[in-house]
Amino acid sequence: MEKIRKTIDFAIERFFGKNHLAELLICKTGHINHTYFLRINNGKRLGHHVLQKINGNIFKKPVQVMENIDKVTSHIRKKYENAGINPSRQVLTLVPTVTGEKWFVDKNNTVWRTYLFIEKATTYDVAQSTDQAYQAAKSFGEFTSLLSDLPINQLHETIPDFHNTPKRFEQFEQAVLNASKKRIASAKKEIGFANSRKNITSVLTDCLTAGTMKLRVTHNDTKLNNVMIDDNSGKGICVIDLDTVMPGLALYDFGDCVRTATPTGEEDERNLDLIKMDIKMFDALVRGYLESAGKSLSLKEIELLAFSGKLITYEIGLRFLADHLNGDIYFKTHRENHNLDRARVQFKLVQSMEEQEEAMNEIVRKIWNNGNYPPFQASLLDKEGSLSNNGVTPFSAS
Ligand code: GN1
Ligand code: MG
């Protein structure tokens, strides 16, 4: 612990100089990086900051992660400034080191960065109201819209195939092959569940190949708690955790919103009876996302909006399960079988979405038809000649 504290203190010194730390708190959320909240006394005032140590086991090229973040935050900042809006609570601000670098690489090649802390705003692990879900989806949609004119080739693919579900399935199969007998036995039911849904894995990657969806700059980790909600207005103000910003599909982002904003309990809840997909939250997400990003979505994306929730929930479930089988080497765990518990919650949610899939599709169709968009059913008919499954999702039966 003392050694860790020393490296933290050294990093703090790089950003703020010696003897300015007034308070340090460890942030307990997040499965990958180490995050610390700092209060710094710079002689005149005490300021809150967020210091983060990037996990180099997961982000093999952390400097590329920082280059992406720098590019994306600068791009968004400029847009707010041009519109005459103060960007300091709308986009993350990197705090430079004392020698003016935007991040700090220590002698072990670990990358550290500091952001200004956004005051009077909160993140939520579980949605407290439909308005919060609406706000979060609207913020993520806005994030994509603000970055729509940033060419994707300007960003590094920091974790290749991050949301490639067929590849994630292969990794899961490999984990089954390598796992100990004990871990296999502990997860028999979940392995069966994962195998029985293999047929849905390639739906989005097939669309990409077919050209019915295109790569854009996406966030790729659009958990509900990655949007800061303003304490006074209740509005979503700032999208955070930009480590995985890279080229991706809009539906990766919408799908992960569904995974994290619709459940009636925590991501690692042990009592599965408490876990369901709350359709009211889904309705709010569709409204929020279409309001900010709807105009730029393709018909195929609209058609598969509800499906993407199921796919991404299933995909993250596969990843938690694979990590359990691998002996918990990727996600931070805080108790025995933590990853297995997380996988169970994801699969329970997938099941709940399967049960409500028709209703979810109906919501998408209604909101789309009531909005200022091209008529949904008619355009589908024009494009594809016929309407499969009520013109919503041809994949809903799986
Ligand atoms: C990880 O670190 P955090 O909590 O933001 C993971 C996401 C998963 C998520 C599951 C780089 O995100 O992909 O969806 O856990 N990030 C990485 O909660 O793998
Ligand atoms: Mg993250």
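Cut-offs applied
Residues numbered from 1 in each chain as written. Chains lettered and ligands numbered in written order. Predicted model: local features only at pLDDT ≥ 70, side-chain atom pairs only at ≥ 80, totals over all residues. Heavy atoms only, no water. Helix = DSSP H or I, 4+ residues; strand = E, 2+ residues; numbered from the N terminus. Rg over C-alpha atoms; globule rule 2.2 N^0.38 Å. Buried < 20%, exposed > 50% of the residue type's maximum accessible area, 1.4 Å probe, protein only. Areas by Shrake-Rupley, 256 points an atom, 1.4 Å probe, with all protein chains shown as cover. Phe/Tyr/Trp six-rings, centres within 6.5 Å; stacked < 30°, edge-to-face > 60°. Lys NZ or Arg CZ within 6 Å of the ring centre and 35° of its normal. Near = heavy atom within 4 Å. Polar contact = N/O pair within 3.5 Å; in protein donor to acceptor, adjacent residues only side chain to side chain. Nonpolar A, V, L, I, M, F, W, Y, C, P; charged D, E, K, R; others polar. Domains from an automatic or database assignment. Pairing = 2+ DSSP bridges. Donors = N, O, S within 2.8 Å, 3.2 Å for Na, K, Ca; no water. Contact = heavy atoms within 4.5 Å. Axes fitted to C-alpha atoms, helices over the stretch in contact; angles between N-to-C directions. Core = buried A, V, L, I, M, F, W, Y, C linked by side-chain atoms within 4.5 Å. Patch = residues over 30% accessible without salt bridge, like charges linked within 9 Å, V, L, I, M, F, W, Y side chains within 5 Å. Salt bridge = Lys/Arg side-chain N within 4 Å of Asp/Glu carboxyl O. Expected span 1.5 Å × (residues − 1).

A. Summary view of the overall build of the chain. Check the secondary structure of the chain and you find 14 helices and ten strands. Its C-alpha atoms give the chain a radius of gyration of 21 Å, near enough to 21 Å, the size a compact globule of 398 residues would have. With the principal axes as the frame, the chain shows a C-alpha extent of 70 × 60 × 35 Å. When the 398 residues of the chain are sorted by exposure, 52% land in the buried category. By element, 50% of the accessible surface of the chain is carried by carbon and sulfur atoms, the whole surface being about 18,400 Å².

B. Quick peek at the packing of aromatic side chains. On inspection of all chains with the given rule, the structure shows ten aromatic pairs. Taken together, a centroid distance of 5.1 Å and an interplanar angle of 50° make the contact between phenylalanine 254 and tyrosine 289 tilted. Here phenylalanine 254, found in helix α8 (residues 250-261), pairs with tyrosine 289, found in helix α9 (residues 279-293); they are 35 residues apart in sequence, far enough to count as distant. Of the two residues, phenylalanine 254 and tyrosine 289, both sit in the buried class. Of the aromatic side chains, those joined through ring pairs into one cluster are Phe193, Tyr314 and Phe347. Taking NZ or CZ as reference, arginine 197 lies 3.8 Å from the ring centre of phenylalanine 193, over its face.

C. Broad picture of the site of ligand 1. Around ligand 1 lies a shell of 16 residues, among which Asp221, Lys223, Asp241, Glu267 and Tyr330 are the nearest. A distance of 2.5 Å is found between an oxygen atom of ligand 1 and a side-chain nitrogen or oxygen belonging to tyrosine 330. When ligand 1 is considered free in solution it has 440 Å² of accessible area, and contact with the protein chains removes 96% of it. For the shell around ligand 1, the leading source of residues is helix α11 (residues 305-325), giving three residues. In terms of residue class, the shell around ligand 1 is made up of seven nonpolar, three polar and six charged. Two domains share the shell around ligand 1, each providing at least three of its residues, namely domain 1 (2-118) and domain 2 (130-370).

D. How the structure looks around the pairing of strand β3 (residues 46-53). Inspection of the sheet shows strand β2 (residues 34-41) paired to β3 by eight bridges, in the antiparallel sense. Among the inter-strand pairings, histidine 34 is bridged to a residue of β3, identified as lysine 53. Here β2 folds back onto β3, and the loop between the two strands holds four residues, one of which, glycine 43, carries a positive phi near 95°. In terms of strand pairing, β3 meets strand β5 (residues 111-116) through five bridges, oriented antiparallel. By the bridge assignment for β5, glutamine 52 is matched with arginine 113.

E. Here's a closer look at the coordination of the magnesium ion (ligand 2). Around the magnesium ion (ligand 2), the protein contributes the donor atoms Asp221 (OD) and Asp241 (OD), which lie 2.0 to 2.1 Å from the metal centre. Of this pair, aspartate 221 sits in the loop between β7 (216-218) and β8 (227-230) while aspartate 241 sits in the loop between β9 (236-239) and β10 (246-248), placing them 20 residues apart in sequence.

F. Focus on the environment of isoleucine 85. Mapped onto the fold, isoleucine 85 is located in the loop between α2 (62-82) and β4 (104-105). When the C-alpha positions of isoleucine 85 and methionine 213 are compared, they lie 32 Å apart, and in sequence the two are 128 residues distant. For isoleucine 85, the residues in contact, after removing those within four places along its chain, are Tyr80 and Gln90.

G. Broad picture of the sheet that holds β2. The sheet built from five strands is open, its strands ordered β1-β2-β3-β5-β4 with antiparallel pairing. At either margin of the open sheet sits one strand with a lone partner, and together these are β1 (21-26) and β4. Of the strands in this sheet, β1, β2, β3, β4 and β5 are in contact with helix α1 (residues 2-16), which crosses β5 at around 55°.

H. Representation of the sheet that holds strand β6 (residues 121-122) within the structure. Across the sheet, which stays open at both edges, the three strands sit in the order β6-β8-β9 with antiparallel pairing between neighbours. Edge positions in the sheet fall to β6 and β9, since each of these pairs with one other strand and no more.

I. Here's a closer look at the nonpolar core. Counting residues in each nonpolar core, the largest one holds 104 residues, and the members touching the most others are Phe172, Phe254, Phe282, Val286 and Leu321. Here the element with the most residues in this core is α11; it accounts for twelve residues. Of the residues that make up this core, three or more belong to each of domain 1 (2-118) and domain 2 (130-370). Residue contacts for leucine 321: discarding those within four places in its chain leaves Phe172, Ala187, Glu190, Ile191, Ala194, Leu340, Ala343 and Phe347.

J. Molecular detail of a nonpolar patch on the surface. Nonpolar side chains collect at one region of the surface, where Met1, Ile4 and Ile26 lie side by side and expose about 330 Å² of accessible area between them. Relative to the assigned elements, isoleucine 4 resides in helix α1. Classification of isoleucine 4 by relative accessible area gives partly exposed; the value is 42%.

K. How the structure looks around α2. Helix length check: α2, at 21 residues, gives a terminal C-alpha distance of 30 Å against a target of 30 Å (1.5 Å per residue), a fit within 8%. The complete set of buried residues in α2 reads Pro62, Val65, Met66, Asn68, Ile69, Asp70, Val72, Thr73, His75, Ile76, Arg77 and Tyr80. Packed against the buried residues of α2 are β5, α3 (130-146) and β10. Glycine 84 sits one or two residues past α2 and shows a positive phi near 75°.

L. Inspection of the pattern of salt bridges at higher detail. Inspection of every chain in the model, using the stated rule, returns 23 salt bridges. Among the ionic pairs, lysine 280 bridges to aspartate 278, the shortest N-O distance being 3.5 Å. Among the residues examined, lysine 280 registers a relative accessible area of 54% and is labelled exposed. The exposure class of aspartate 278 is buried, given its relative accessible area of 17%. Residue arginine 335 pairs with aspartate 341 through a salt bridge whose shortest N-O separation is 3.1 Å. Take arginine 335: its relative accessible area is 25%, and that puts it in the partly exposed class.

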